[in-house]
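Residue-level listing of the chains:
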Amino acid sequence: MSDLPWLTPLRGLVAGLAVLITVTVSAGSVILLVRGDTEGGTESETAVGSPRQALVPDRTLPSAPPVVGGPGVQVTPPRLLAVAAAQVPAKVLHDLAKVKNVQKVAVVDGGTVRVAGTGLRLLAVDPAQFRSWTPKVVADHPAVWSALARGEIVADAGVMKRLGMVLGAEYQLDGGPRLRVAASAALGFPGVDGLIGKELGAELGFASGVVVLVHGQHVNQQRVRDLLGGDAQVVAVGAEPTPRQTAVAARQVLVGRPDSYLELYQRGAGVCPGLSWTVLAAIGQVESGHGRNNGPSSAGALGPMQFMPATWKAYGVDGDGDGVSDIWSAYDAVPSAANYLCANKAGQGGEQLRKAVWHYNHSWSYVDKVLNLSQAYALAYPNQ
């Protein structure tokens with residue numbers, strides 16, 4: 001650690017974490033604020049976010065792998081956050097990765113700075129490596145990561161409110177440089193007031209490799225503490241699913257994780273007896289080019305099947321049994337589309353199918369496009 005007078009020793013961070021209690025992070029309550037942001041476009045009849053495409057079946061369908069996650073980021077949020085008394089050796093990290101139920105481990109730098117005498121406990125991170133550890137709405141927002149790359153601060157939303165900080169303002173560190181608070185996000189890390197880039201953390205004298213993040217459910221906290229040493233502080237992040245929640249999620253398994261879109265559409269159609277897989281394939285092609293353009297659309301539709309969030313809330317399912325109904329995951333989105341179509345009687349065929357597709361996107365020209373492409377798929381894949 002640096003002996004600069006404006007930098008509080010890391011033990012301040014450790015002491016702060018020692019008195020924390022488990023907090024619950026809910027995806028529905030995550031808030032992100034960035035100067036200049038406004039709500040996305042209003043919901044309209046047309047929620048298609050796909051590029052212009054000819055009505056020709058996609059010949060890559062049998063081999064194209066389904067997409068998972070939002071714009072390039074599949075989040076793996078931590079279940080445990082630990083602060084060690086010294087840099088964690090590589091061997092200890094390897095041992096942590098072998099602990100039962102641990103799926104992923106990461107280590108970052110940490111320290112405390114002061115603004116007008118008030119301490120801010122910060123993590124110093126590599127944006128590219130740390131992004132998947134944040135809540136999805138944070139991971140998907142480029143302003144957060146560009147701010148870190150510019151050497152600016154991303155403050156936790158609760159800290160902004162508690163201290164009356166102003167987004168976009170510069171703050172003088174006690175005895176140190178002025179830093180701009182460029183973004184505010186509900187980070188969900190107990191005891192952490194914000195993020196800075198790893199390079200800036202090094203300039204400020206932050207302790208290297210002392211904050212450990214662990215991803216995995218039902219990980220033994222005491223085992224993690226023992227491996228890190230008796231002085232380590234370990235706190236839970238988020239809520240572990242209850243047995244009942246796990247059982248409910250298991251009953252939602254519908255399609256698994258097939259290797260191709262063709263098989264995924266075929267399994268997805270089984271959610272709605274009477275619905276042809278070719279209708280799902282046609283919608284998938286028109287809406288996103290089978291996951292090549294997942295939006296958001298100008299109307300706010302998201303994911304490979306371009307659901308509006310409100311519709312997803314009502315009809316989205318967990319198709320692969322990972323415990324989450326993810327609007328960005330094709331494994332969830334395709335059976336969810338079948339679920340929504342079935343709720344509008346698509347399985348009855350004929351005019352009911354036309355009406356169900358119209359409910360998917362309120363345009364009769366859209367209905368004609370989808371059903372014509374569906375017929376083309378049936379001709380292109382006659383034996384499927």
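These numbers come from a predicted model, not from an experiment.

A.B. asks: Looking at this model, I keep getting lost on the packing of aromatic side chains. Mind explaining?
C.D. replies: Under the criterion given, the structure shown has 11 aromatic pairs. Where tryptophan 358 meets tryptophan 364, the ring centres are 5.9 Å apart and the plane angle is 25 degrees; that geometry is what we call stacked. On the accessibility criterion, tryptophan 364 (42% relative accessible area) is partly exposed. Aromatic side chains tyrosine 377 and tyrosine 381 sit 6.0 Å apart centroid to centroid with 20 degrees between the ring planes, which places their arrangement in the stacked category. Each member of the pair tyrosine 377 and tyrosine 381 is classed as buried. One aromatic cluster in this structure is built from Phe307, Trp312, Tyr315, Tyr340 and Tyr360.

A.B. asks: Looking at this structure, how should I read the side chain of glutamine 306?
C.D. replies: In this fold, glutamine 306 is placed in the loop between helix 11 (277–288) and helix 12 (309–315). Judged by relative accessible area, glutamine 306 falls into the buried class, the value being 4%. Of the polar contacts made by the side chain of glutamine 306, one reaches the backbone oxygen of glycine 303; its length is 2.9 Å.

A.B. asks: It is not clear to me how the pattern of salt bridges should be interpreted in this structure. Could you clarify?
C.D. replies: When charged atoms on two side chains of opposite charge get close, those side chains can pair. Applying the stated criterion across every chain, the model contains 10 salt bridges. One salt bridge in this structure joins lysine 198 and aspartate 109, with 3.0 Å as the shortest N-O distance. One end of the pair, lysine 198, is in helix 7 (residues 198–203); the other, aspartate 109, is in strand 4 (residues 104–115), with 89 residues separating them in the sequence. Taking the relative accessible area as the measure of exposure, lysine 198 reaches 40% and is therefore partly exposed. You can call aspartate 109 buried: its relative accessible area is 7%. Of the charged contacts in the structure, one is a salt bridge between arginine 354 and aspartate 368, with a shortest N-O distance of 3.1 Å. Here arginine 354 is found in helix 14 (residues 350–360), whereas its partner aspartate 368 is found in helix 15 (residues 364–380), with 14 residues between them in sequence. What makes arginine 354 partly exposed here is its relative accessible area of 24%. Within the structure, one salt-bridge network assembled from shared partners comprises Arg121, Arg162 and Asp193.

A.B. asks: How do you make sense of helix 14 when you look at a structure like this?
C.D. replies: A turn of α-helix holds 3.6 residues, and therefore any two residues three or four places apart point the same way. Along helix 14, the residues classified as buried are Leu353, Ala356, Val357 and Tyr360. Mapping the buried residues of helix 14 onto a view down its axis gives an arc of 95 degrees, with all of them on the same face. Buried residues along helix 14 sit in contact with helix 11, helix 13 (330–343) and helix 15.

Scoring rules and cut-offs
- Residues numbered from 1 in each chain as written.
- Predicted model: local features only at pLDDT ≥ 70, side-chain atom pairs only at ≥ 80, totals over all residues.
- Heavy atoms only, no water.
- Phe/Tyr/Trp six-rings, centres within 6.5 Å; stacked < 30°, edge-to-face > 60°.
- Buried < 20%, exposed > 50% of the residue type's maximum accessible area, 1.4 Å probe, protein only.
- Helix = DSSP H or I, 4+ residues; strand = E, 2+ residues; numbered from the N terminus.
- Polar contact = N/O pair within 3.5 Å; in protein donor to acceptor, adjacent residues only side chain to side chain.
- Salt bridge = Lys/Arg side-chain N within 4 Å of Asp/Glu carboxyl O.
- Arc of directions from axis to C-beta.
- Contact = heavy atoms within 4.5 Å.

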